[in-house]
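Here is how the chains run, residue by residue.
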Amino acid sequence: MIDMNEPQWYVLKTQHGYEAVAEQSLKEMVDINKDLQDKIFNVVVPREEITVEKNGKKKTSIKFKFPNYVFVKMIYTKDVWYMVKNCRGVQDFLTDAKHIPLPMDPAEVKRTQLEDVKVEDLRIAAGDTVNIIAGPFKDWSGEVVEIKAEEQKVKVIIQIYGRPTAMDLDFAQVEKA
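Below is a short write-up of the structure. (Residues numbered from 1 in each chain as written. Predicted model: local features only at pLDDT ≥ 70, side-chain atom pairs only at ≥ 80, totals over all residues. Heavy atoms only, no water.)

**Some words on the packing of aromatic side chains**
Now for step 1: Under the defined criterion, the tally for this structure stands at four aromatic pairs.
Now for step 2: A centroid spacing of 6.1 Å and a plane angle of 35° characterise the contact between Y10 and Y76, whose relative ring orientation is tilted. Here the residue Y10 occupies a position in strand 1 (residues 8–14), and Y76 occupies one in the loop between strand 5 (69–74) and helix 2 (78–85), the gap between them amounting to 66 residues.
Now for step 3: By relative accessible area, which is 1% here, Y10 ends up buried.
Now for step 4: When its relative accessible area of 12% is taken as the criterion, Y76 is described as buried.
Now for step 5: Taking 5.5 Å as the distance between ring centres and 75° as the angle between the ring planes, the aromatic pair formed by F66 and F71 counts as edge-to-face.
Now for step 6: F71 gets classed as buried once you look at its relative accessible area, which sits at 4%.
Now for step 7: The side chain of K78 reaches across the aromatic face of W81, ending 5.9 Å from its centre. (Phe/Tyr/Trp six-rings, centres within 6.5 Å; stacked < 30°, edge-to-face > 60°. Helix = DSSP H or I, 4+ residues; strand = E, 2+ residues; numbered from the N terminus. Buried < 20%, exposed > 50% of the residue type's maximum accessible area, 1.4 Å probe, protein only. Lys NZ or Arg CZ within 6 Å of the ring centre and 35° of its normal.)

If you want it as structure tokens, here you go:
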């Protein structure tokens, strides 16, 4: 059973190309409305930096990881639902068959990297075996050789074609085996 008094992550659908507009509108609404500051805790539009080489020149651009979606950590009430849904750029919440907004599963929150993962939460140390849960090497296992807490990365050795290969992974990409 979901505790509606605890903040949960919800997914909002946005109009095409309005992710940043919806994010800004939601943040402004929270800043202006003091009652919402204890109901809406975070608004995130995950972005990634992409570098493309074209005509011998490198060009860096920002790309949305999840086009047409905004993630909101909030306490769900009918009033908050109404205000968020009527924000500029927001089309609707992702809902169930009864049109009730569904909070994200904690595993989904971890996989989408909406919240920072701390070393203490991972409970891993150098020499431990971890499972890779995201990225191109999903479902592989490896041994932790170094933890870079300030960068939120862990160096893992995996076996590729019988050879040990080191790779840096985000905390959110691994879990203790």
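**Thoughts on the pattern of salt bridges**
Now for step 1: Overall, the coordinates contain seven salt bridges when judged by the stated rule.
Now for step 2: Here K85 ties to D92 by a salt bridge, and the two come within 3.6 Å at their closest N and O atoms.
Now for step 3: Note that K153 is salt-bridged to D170, the shortest N-O span being 2.7 Å. In this pair, K153 sits in strand 9 (residues 153–160) while D170 sits in strand 10 (residues 163–170), placing the two residues 17 residues apart along the sequence. (Salt bridge = Lys/Arg side-chain N within 4 Å of Asp/Glu carboxyl O.)

Don't take any of this as a statement about function, it's just geometry.
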